[in-house]
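Structural overview
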Amino acid sequence: MSDEIKIAAKGVDVFYGDTHAIKSVDVEIDDKAVTSFIGPSGCGKSTFLRCINRMNDTIDVCRVTGDIRLEGQDIYDKDVDPVQLRARVGMVFQKPNPFPKSIYENVAYGPKIHGLAKDKTELDEIVEKSLRRAAIWDEVKDRLDQPGTGLSGGQQQRLCIGRAIATAPEVLLMDEPCSALDPIATAQVEELIDELRASYTVVIVTHSMQQAARVSQKTAFFHLGELVEYGETDRIFTNPVDSRTESYITGRIG
Amino acid sequence: MQDNAHIASVFDRDLEGVQASIMKMGGLVETAIADAAKALDRRDTELADAVRKNDKLIDALEETVSADVARIIAKRSPAAGDLRTVLTVLKISANLERIGDYAKNLAKRTSVLSEMPAVEGAGGSIRRMTKNVGLMLKDSLDAYIQRDVDLAEDVRQRDAEVDQMYNALFREFLTHMMEDPRNITACMHLHFIAKNIERMGDHVTSISEQVIYLVTGEMPDDERTKEDRTPYATAPDEA
Ligand SMILES: Nc1ncnc2c1ncn2[C@@H]1O[C@H](COP(=O)(O)OP(=O)(O)OP(=O)(O)O)[C@@H](O)[C@H]1O
Ligand SMILES: [Mg+2]
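Predicted model, so just to flag it, every value in this text is computed and none were measured. (Residues numbered from 1 in each chain as written. Chains lettered and ligands numbered in written order. Predicted model: local features only at pLDDT ≥ 70, side-chain atom pairs only at ≥ 80, totals over all residues. Heavy atoms only, no water.)

Consider a sheet: its strands pair through backbone hydrogen bonds, and that pairing is either parallel or antiparallel. Residue and element names in this part refer to chain A. Taking strand neighbours across the sheet as the criterion, the 6 strands line up as 6-7-8-3-9-10 in an open arrangement whose pairing is mixed. Pairing within the sheet leaves two strands with one partner each, and these edge strands are strand 6 (89-92) and strand 10 (226-232). This sheet shows a mean twist of 15° between the axes of neighbouring strands, independent of strand direction. By the bridge criterion, 5 bridges tie strand 7 (residues 171-175) to strand 8 (residues 201-205) in an arrangement that is parallel. The residue bridging L172 from the neighbouring strand is V202, located in strand 8. Here helix 6 (residues 153-166) sits on the sheet in contact with strand 6 and strand 7, set at roughly 175° to strand 6. (Pairing = 2+ DSSP bridges. Helix = DSSP H or I, 4+ residues; strand = E, 2+ residues; numbered from the N terminus. Axes fitted to C-alpha atoms, helices over the stretch in contact; angles between N-to-C directions. Contact = heavy atoms within 4.5 Å.)

This part takes up the environment of A194 of chain B. All names here are of chain B. Tracing the backbone through its elements, the reader meets A194 in helix 6 (residues 184-216). Note on A194: relative accessible area 0%, which makes it buried. In the structure, A194 is positioned 49 residues away from I145 in sequence and 29 Å away in space, judged by C-alpha atoms. Once residues within four sequence positions are removed from consideration, A194 is found in contact with M129, Y166, L169 and F173. (Buried < 20%, exposed > 50% of the residue type's maximum accessible area, 1.4 Å probe, protein only.)

Residue and element names in this part refer to chain A. As a structural note, the neighbourhood of ligand 1 is formed by 14 residues, with S41, G42, K45, S46 and T47 the closest of them. S41 has a polar side-chain atom sitting 2.4 Å from an oxygen atom of ligand 1. At 2.9 Å from an oxygen atom of ligand 1 is found a main-chain nitrogen or oxygen belonging to G44. Ranked by residues supplied to the shell around ligand 1, first place goes to helix 1 (residues 45-51) with 4 residues. Grouping the constituent residues of the shell around ligand 1 by class yields 4 nonpolar, 7 polar and 3 charged. (Near = heavy atom within 4 Å. Polar contact = N/O pair within 3.5 Å; in protein donor to acceptor, adjacent residues only side chain to side chain. Nonpolar A, V, L, I, M, F, W, Y, C, P; charged D, E, K, R; others polar.)

Below, the structure written as structure tokens:
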């Protein structure tokens, strides 16, 4: 883990119309480390995650205020191109969303438009490597030309992970990437996350306390739109300060 | 610690069950200490035999606690306060089991000592020392139930007195042995007994430290002064 701060959020509020979904959140996310966001359903984890690559821009009723910086640069600055930003800050969504295209195209699309491959051979290599890292290569290598939407839920999710890492983003945002996966695929994705942190910043939303404890170095606990507690994962899971954190992670009625 | 219940009520019952086993163990160990001391004092070999026999119950309870804790960890993946609860339960049961062993050892030596002439003055000192340790154990278990950090800290500090008593006894025994070599066998046994009681105090201290960890999430700093200087002693006045 490096001591660098990759993403710094200050006084971030998010509204969906009248719904105040994120309330004045300050957080600094470490570079080359895994940070997990935990908290009860509806507390704003996905909302806050989407702020980091301006995915909320695509939701009409959504309004984001405050300051979010990626390596010191204000990502909401009018000079920042959200498409370019999303190439640097990749995302795996809560619901798998493969393009209605072939498995191959799903992964090759990003590297192609960002000019990451010189020729077909290089592109093939990127596709294979990405699918391998996403622990799905063996299952799809003989059907790369078939539609991604024809895969099972868990396979689609791994395809989307492969797609997200194919463009080699600096930051990878993952919203419950393992919710549709069996224990083996989950372990493989966790292994991948651990591997990614050598070169990337990973932020993962998860409902599994054990997963957060296993994969992340820092943990943020959200509750009703507030960031209640943020710190070293080891400490959060052995000795949380806030009683709401303790209640949540020990499975108590808050 | 949290007063509110788990959503999974079985988890609450499991945690309560394993803590109840600890309290049961604690009660048995308190009795073992008191009875072992009494047996020694009164040369009551029957009572000493009972102490030795009852140690099996303590051992069995420790095994139950270990099995229960393993099951809770496997099934519930406890975190935070729950994690500290199961970890401390495991350690405390190990401490109690060791204290039980020392009491048993005391009882064994009682059988031997009852065949020998009494060593003058030793009985009272050992009785006082055992009483101290017994009280410390009771307080540390109370501190555990009440989650009382102050009481646990108090017990921790009191261990120094036990160490001092042991030092004093060590000197006494050396003197007796030098005065009259016929005292050596009895004094050797009595010395082991005193040493065992001193070790009981260390385990009680460890229980108190577990209480502090359970409540605060941190082990206390080791600022306790070590009063046992006998490792460096070569003559009675050096201990
Ligand atoms: N597109 C939207 N339009 C209106 N309200 C929304 C929208 N998305 C989220 N919300 C509201 O914002 C709040 C936070 O939702 P969010 O999806 O961020 O929660 P979450 O912590 O990710 O929950 P979960 O664990 O169930 O995924 C909720 O009250 C939700 O109803
Ligand atoms: Mg969500």
